[in-house]
Amino acid sequence: MARMKFLCDADRCIECNACVTACKNEHEVPWGINRRRVVTINDGKPGERSVSMACMHCTDAPCAAVCPVNCFYTTADGVVLHSKDLCIGCGYCFYACPFGAPQYPKVGNFGSRGKMDKCTFCAGGPEADGSREEYEKYGANRLAEGKLPLCAEMCSTKSLLAGDGEIIAQIYKERVMKRGYGSGAWGWKTAYRETIES
Amino acid sequence: MASLGRFIRLTVGACAFLLVIAASVPCKAQQVNPTASSVNEQQLLQELNRIQGRVSIPDQRSGVLEQPAGRDWREFRNVTLRWIGGITIIGMIAVLVIFYLTRGMVRLESGRSGRTIVRFSAFERFVHWMTATCFIVLAISGLNITFGRPLLLPLVGFEAFSEWSQWAKYAHNYLSFPFTIGVALIFLMWIAGNIPNKVDVDWLKRGGGIVGHDHPPAYRFNAGQKAIYWIVVIGGGAVAVTGYELMFPFYLSGIEGMQLAQIVHSVVAVLFIAAMLGHIYIGTIGMEGAFDAMGTGDVDLNWAKEHHSLWVEEEQAKGHAPSGGTSRPVAAE
Amino acid sequence: MRRREARRDPWQPNNSVRTSQSGSAMKAFVAALLFAAIAAVGISILLNIIQEPSSVAFTTGGARVGDPGNNLVGPNG
Ligand code: HEM
Ligand code: SF4
Ligand code: SF4
C-alpha cells in the first residue's frame, strides 16, 4: 500500500493560494476554518519563501497520541483521520500538532469549541465512502474515487505534491538535481522523521 | 578601402566586446544559487524551534508554520504527567493507608465533654463545602482527561467514554467558576488565622497533633491547617489562572503559552489532589471529633482544648466559649 | 464575615453563651451544592452567548458572509 504524503516545493510556490481555494471549494469548508493555508516566511525580503501547509498526516501522529478520547485512526494509506462523533473539542490536538492543522468551529473553548476539523487528505472519515453523512462531516472522499487531493492537483506550479511518499520524493529529487538547488522538503523531518537527501 | 577595413575592424571589435559582455551575463546568472539567500528550514528551526511567517487569513495563529515543540508537549502529557500523577496520588493513598494501619484514628484523649464550642459558622461551612464538592468534581473530570484513555476507555468503549468525557469536560469547565469563587472566599475569610507565627514552629517540632503524640498549643489554625490553607490558596490560584488560560485559548498567549499553561495546570492539579487526600483523611477517619467542625460547625470543647488550646482561651476571653468547667473534674481555671 | 453573638458579660452563666448552632449539618452543604450548580449553569449560559463562531471571528469586515452553513461544523457549529 502507498504511504500518502504531502510535499511543498517552496522554491516553486508563488503564494497564489489556489490550493487553499481548491480545498475550500471541494469540501464546502465554511468561513473561519482553514484546512490548508499558505505561510510566507521573510515576506518581502530577499530569500522569502512560501509554504503551503495542511495536516501532514504524520508518522506516529502527535494529535492521535494526545487525544484524551482516542478518536484518531490511520488508514491503510497512512492518512490520519478522526471521528467527529467521538471528539469532545478539548483542543489538545492543536497543542500537539507541529503544523497547526486542527481547526474548530468556535474560537473560545468555554466547554464548547465544537468538533475538531482538519485536512483529510481528501479521504473523508469513518462513515461509508462517498455517503452524504461523510460529506457533511468530513468533506469529499476523492481517494475512494481513485483521485488525489484536489489542492495538489490544482497547483499551478506543481509546487504542492500529494501522493505516495516514495513517488513524490522521487519527483522532488529529480527536480533538485536538474535545477541544482532545493530548499528542502518542508516539515518532512518533523512529520515523517525523514528528509529527502539530494 | 582603408576606411572600410577600419570600419570592419571596429565593428568586429565592438561585436566581440558586446559578446563578451552578453556572455558574461548569463554566465553570472548561472552562478547565482537562488536558494543561497533563501530561508532554510533546519536553520530556522535551530534558531527558534519554531517557524513563523505571514498569512493572508485573519486567523493569525495559523502564521505558525511549524512548532516541533508539540512533540515535547506530547511526551510530557502522555508520559511525564502520567508518572507524576500516578506516583503522587497512589503514593499518597499508600502513605495514608499505612498511617491508618499503624496509628489508627487519633482519639480524643479526654473523651467528649458533651459541651461544644462554635468553630465554623454556617457561612464558613457553606463556602467550605461548595469549594470541596467543586474540587472533587474537578479532580475526577480532570483525571479523566489524563488517565481516562488508558484506564476507563478500554472498559466502557469509545462511544460511552466520549459521551461521559464530554459531560465531564462541561462539568470541569463550568464548575471551575464556583470553585474559584470558593477559593477567593476561603482566602479572605480565613487569612487572619493563617499567618504563620512562632507557635507554628514549636507545633511543627513536636509533630503536631497527628504525627506526634502530644498536643502542642495552637491558635484557631495549627501549622498543619495553615499549610492546607496556603496549598488551597496558592494551588487553587495557580490552577484557576492556568485553567482559565486553557479555557479561553489564545486570548493570552500563543501556542507555547498554551502548552505551558497545560503543564502547570496538570502538575499543580495532581499535587493538589494528593494534598487534599491527606486533608480529607485527617478530617474524617484520621482524627476523632474533627469532622464536627465542618459538619455541624460545633466542636466538642475537649477536642478544641486538645488541638487548639490557645484559640479556646481567646474565645473564652471573648465570651464565645464556656469559660468554666470542662470535662476534667478540675475546678475553675 | 462571621456573625457572632454580640459581646456578653463573661460573668454570666455559661448556658447563655452560644456554644452551638441551631441549623442542621446538612443545611450549609445543600446550600453549597445548590449555589455551585446554579453558578455553573449560569456561567455556561453566559459564556455560550458570548461564544463566537470561527466564521465570525476569522472574517474581516470586507467579507459579506451570509449564512455560513453547517457543512463540516455541524448544526450547532
Ligand atoms: C479553577 C479553575 C479551573 C479551570 C478553569 C480549569 C480548566 C481546565 C481546562 C480548560 C482543562 C483542559 C481540558 C478541558 O478542556 O476540559 C483542564 C484540565 C485539567 N484540569 Fe482543570 N481547571 C480548573 C481547576 C482544576 C482543579 C481544581 C483540578 C484538580 C483538582 C484540575 C485538574 C485538571 C486536570 C488533571 C486536567 C487534565 C490535564 C491533562 O491531562 O492534560 N483542574 N482544566
Ligand atoms: S499534521 Fe497535525 S493533525 Fe496532521 S497528523 Fe500531524 S499532528 Fe496530526
Ligand atoms: S479536540 Fe477532539 S480530536 Fe482533538 S484531541 Fe480533543 S477530543 Fe481529540
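The structure presented is a predicted model; accordingly, all values stated were derived computationally and were not measured.

Scoring rules and cut-offs
- Residues numbered from 1 in each chain as written.
- Chains lettered and ligands numbered in written order.
- Predicted model: local features only at pLDDT ≥ 70, side-chain atom pairs only at ≥ 80, totals over all residues.
- Heavy atoms only, no water.
- Donors = N, O, S within 2.8 Å, 3.2 Å for Na, K, Ca; no water.
- Tetrahedral: all angles 85-135°; square planar, octahedral: opposite > 155°, others 65-115°.
- Helix = DSSP H or I, 4+ residues; strand = E, 2+ residues; numbered from the N terminus.
- Near = heavy atom within 4 Å.
- Nonpolar A, V, L, I, M, F, W, Y, C, P; charged D, E, K, R; others polar.
- Buried < 20%, exposed > 50% of the residue type's maximum accessible area, 1.4 Å probe, protein only.
- Polar contact = N/O pair within 3.5 Å; in protein donor to acceptor, adjacent residues only side chain to side chain.
- Axes fitted to C-alpha atoms, helices over the stretch in contact; angles between N-to-C directions.
- Parallel < 35°, antiparallel > 145°, perpendicular 65-115°, else oblique.
- Left-handed = near helix turned anticlockwise from the far one by under 90°.
- Contact = heavy atoms within 4.5 Å.
- Buried area = accessible area lost by both parts, 1.4 Å probe.
- Salt bridge = Lys/Arg side-chain N within 4 Å of Asp/Glu carboxyl O.

Draft legend 1. Quick look at the coordination of the iron atom of ligand 1. All names here are of chain B. Listed as protein donors to the iron atom of ligand 1 are H172 (NE2) and H265 (NE2); their distances from the metal cover 2.0 Å. Classification of the site at the iron atom of ligand 1 as octahedral follows from its six donor atoms and the range of 83 to 179° in their angles at the metal. In this pair, H172 sits in helix α6 (residues 158–190) while H265 sits in helix α9 (residues 255–286), placing the two residues 93 residues apart along the sequence.

Draft legend 2. Structural detail: the site of ligand 2. What surrounds ligand 2 is a group of 13 residues, the closest being C55, M56, C58, C63 and C97 of chain A. Of the residues in the shell around ligand 2, the class split is eleven nonpolar, one polar and one charged.

Draft legend 3. Layout of the site of ligand 3. In the vicinity of ligand 3 lie 13 residues, with C67, C87, C90, G91 and C93 of chain A positioned nearest. By residue class, the composition of the shell around ligand 3 is eleven nonpolar, two polar and no charged.

Draft legend 4. Just the environment of E124 of chain B, in detail. Residues and elements named next belong to chain B. Assignment of secondary structure puts E124 in helix α4 (residues 122–151). Judged by relative accessible area, E124 falls into the buried class, the value being 0%. Put simply, E124 and A227 are 103 residues apart on the chain and 18 Å apart in space, counted from C-alpha to C-alpha.

Draft legend 5. Broad picture of the side chain of K226 of chain B. All names here are of chain B. By the secondary structure assignment, K226 is in helix α8 (residues 223–247). Since its relative accessible area comes to 5%, K226 is described here as buried. Among the polar contacts made by the side chain of K226, one reaches the main-chain carbonyl oxygen of I195 at a distance of 3.0 Å. Reaching out from K226, the side chain makes a polar contact with the side chain of D200 at a distance of 2.8 Å.

Draft legend 6. Spatial organisation of the packing of α6 of chain B against helix α1 (residues 25–50) of chain C. The contact between α6 of chain B and α1 of chain C brings their axes to 7 Å, and the two run at 125°. Comparing their axes, α1 of chain C and α6 of chain B come out oblique. Crossing of α6 of chain B against α1 of chain C: the hand is right-handed. Note on element contacts: α1 of chain C touches α6 of chain B through F35, A36, A39, A40, I43, S44, L47 and N48 of chain C, opposite Y174, L175, F177, P178 and I181 of chain B.

Draft legend 7. Representation of the interface of chain B and chain A in the model. At the junction of the two partners, chain B supplies 56 residues and chain A supplies 59 residues. Interface area for chain B against chain A, summed over the two sides, is near 4800 Å², with a carbon-plus-sulfur share of 55%. Our count for the chain B to chain A interface comes out at three salt bridges. A salt bridge links D43 of chain A to R54 of chain B, with the nearest nitrogen and oxygen atoms 2.4 Å apart.

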